[in-house]
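A structural walkthrough
What follows is the residue order along each chain.
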Amino acid sequence: MFENLVAAPADPILGLAEIFNADERINKINLSVGIYKDEHMLTPVLACVKKAEAQLLENEQTKSYLPIEGLVTFNTLTQKLILGEDNQLIISGRVKTAQAPGGTGALRIMADFLVKRTKIKRIWVSSPTWPNHQSIFQTAGLEVRDYRYYNAQTHELDFDSLIEDLNHVSAGEAVLFHGCCHNPTGIDPTPEQWQIISDLALKKGWLPVFDLAYQGFGQGLDEDALGVRLFAKNQPELLIASSYSKNFGLYNERVGALTLIAENEDIAECAFSQVRTIIRANYSNPPSHGANVVVNILSNPEMKDEWIDELTTMRQRIHRMRQLFVKTLQEKGAKQDFSFITKQNGMFSFSGLTEEQVFALRNDYGIYIVNSGRLNVAGMTLDNMSLLCESIVKVLS
Ligand code: PMP
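Predicted, not measured: the structure shown is a model, and the values here were computed from it.

Take the overall build of the protein next. Scanning the protein from N- to C-terminus turns up 15 helices and 13 strands. On C-alpha atoms alone, the protein measures out to a radius of gyration of 21 Å, which is about the 21 Å that the 2.2 N^0.38 rule sets for 397 residues. In terms of overall dimensions, the protein has C-alpha extents of about 60 × 55 × 55 Å along its principal axes. Taking as baseline every contact in the protein between residues at least 6 positions apart, the subset at least 24 positions apart corresponds to 74%.

The following block contains the structure:
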């Protein structure tokens, strides 16, 4: 059965991390995988998470199964974080949430639900997008098409082309948007642009679905949810896959959620019962540790404030590194204008470096960037900035 299988290529992002780990150069710099790093190049457990874990250790009474859709309080707190504390939709019962194993798990439940329980057969994703979107949706059986998103010349959102392409999406198809901090470009639509896209979705009758993996990493918790909230207000139906990997630093605990919004409470309840059947046949019910950590933090005002402070520290460090990166590139003699990097949101930046330049950085200088030129700004520090910029200027000239 197995002998005729052809070996799969390494994952374009995680595979690079393995090569980086094996690289013996002392000054190597990893700007590839999407993990936040502090100024010491570490990804420590947040202090509020440590506290919540200590509480859990003390108070946990059982390891019995969670419900299929996970912890009820986790799901309610997730809705409030995404849609806002007093959102009418939540009060009206139109919103249902299932805890999921990470944002990836949520996206996979979303895809299975669309393929197996609705008539949707095709999903549109931005070009470019996080490469795993294509894999997740295709593996679930959806046909994946892309819409134009990025103008490589101006380093801006190619909004006219985006609208032109979304005009060709048929009723009964799905379109995926990144809620904020678009991965890999770091460029998000403005509120006015979100409004135009939302109006188009209504006019055309396609289903908007969101991937919200970086809430709090762009401009702030509420600011980053602006697009999702605008759609939630306007659309009769919406799906949102969200993740706590980045904003709580809970990467390996696999904490995320799938949120479904329907036209009324009855439809929401009925559709959500189908989401439950998808989960049951997939992994039965989710793990509890990470979700309990999130509950302990978000339901305690003091700990929530502490978390918001830690999240703000992460976000501000990334902003500072963006500014310093552009300034240092200039000081080291870069002729190109890199100021567009300071306008991008979140951890990633689409640097505009070509594949050839990316390979030269990797081979000659031990600097690891994804082949597309996407770099993780959170991998930059005061200590590695000078070497990083010198090396980039060398491969540019
Ligand atoms: N969506 C996007 C755009 C991402 O960048 C990531 C993480 N790299 C995810 C989803 C998945 O996050 P998680 O680790 O929670 O599965």
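Our focus in this paragraph is the pairing of strand β10 (residues 256-261). The element β10 is extensively covered by neighbouring structure, given that 6 of its 6 residues are classed as buried. Where strand β2 (residues 95-100) lies against β10, 6 bridges are found, and the strand directions are antiparallel. By the bridge assignment, Val-95 is partnered in β10 with Ile-261. Bridge analysis of strand β9 (residues 238-243) against β10 gives 6 bridges, and the strand direction is antiparallel. Bridge pairing in β10 places Ile-240 opposite Thr-259.

With that settled, consider the site of the ligand. In the region of the ligand, 13 residues are neighbours, and Gly-102, Gly-103, Thr-104, Ser-243 and Ser-245 sit closest. Ranked by residue count, the leading element in the shell around the ligand is helix α5 (residues 102-117), at 3 residues.

Judged by nonpolar contacts, the single largest core of 105 residues is most densely connected at Ile-109, Met-110, Leu-258, Val-294, Met-347, Ile-369 and Val-377. Inspection of this core shows a minimum of three residues originating in each of domain 1 (14-45 + 314-396) and domain 2 (65-299).

Let's shift gears to the packing of helix α8 (residues 191-204) against helix α10 (residues 226-234). Each pair of packed helices gets described by two things: the angle between the helix axes and the distance between those axes. At a minimum axis distance of 10 Å, the contact between α8 and α10 shows a crossing angle of 35°. Our pair here, α8 against α10, has a crossing hand that is right-handed. Facing α8, whose interface residues are Pro-191, Trp-194, Gln-195, Ser-198 and Leu-202, α10 presents Leu-226, Gly-227, Leu-230, Phe-231 and Asn-234. Here the residues of the contact of α8 with α10 sort into 6 nonpolar, 4 polar and no charged.

Our focus in this paragraph is the sheet that holds strand β3 (residues 122-127). In space, the 7 strands of this open sheet follow the order β2-β10-β9-β8-β7-β3-β4, with mixed pairing throughout. Taken across any chain shown, the strands that pair with only one partner, and hence form the sheet edges, are β2 and β4 (143-148). Each strand axis lies, on average, 25° off the axis of its neighbour in the sheet, ignoring direction. Strand contacts of helix α3 (residues 72-83): β2, β8 (207-212), β9 and β10, with the helix running at about 115° to β2, the strand carrying the most contacts. In the packing of α5 onto the sheet, the strands contacted are β2, β7 (174-178), β8, β9 and β10, and the crossing angle to β9 comes to about 155°.

Structurally, Ala-22 can be placed in helix α1 (residues 14-22). A C-alpha to C-alpha distance of 26 Å links Ala-22 and Asn-183, two positions 161 residues apart in sequence.

This part takes up helix α13 (residues 301-331). Over its 31 residues, α13 runs 44 Å from end to end, which matches the ideal 45 Å to within 8%, given 1.5 Å per residue. For α13, the set of buried residues is Trp-307, Leu-311, Met-314, Arg-315, Ile-318, Met-321, Arg-322, Phe-325, Thr-328 and Leu-329. Its buried side turned inward, α13 meets α2 (47-59), α12 (289-298) and α15 (385-396). Residue Gly-333 follows α13 closely and has a positive phi angle near 105°.

What counts and how
Residues numbered from 1 in each chain as written. Predicted model: local features only at pLDDT ≥ 70, side-chain atom pairs only at ≥ 80, totals over all residues. Helix = DSSP H or I, 4+ residues; strand = E, 2+ residues; numbered from the N terminus. Rg over C-alpha atoms; globule rule 2.2 N^0.38 Å. Contact = placed C-beta atoms within 7 Å. Buried ≥ 20, exposed ≤ 12 C-beta atoms within 10 Å, placed from the backbone. Pairing = 2+ DSSP bridges. Near = placed C-beta within 6 Å. Core = buried A, V, L, I, M, F, W, Y, C linked by C-beta atoms within 7 Å. Domains from an automatic or database assignment. Axes fitted to C-alpha atoms, helices over the stretch in contact; angles between N-to-C directions. Left-handed = near helix turned anticlockwise from the far one by under 90°. Nonpolar A, V, L, I, M, F, W, Y, C, P; charged D, E, K, R; others polar. Expected span 1.5 Å × (residues − 1).

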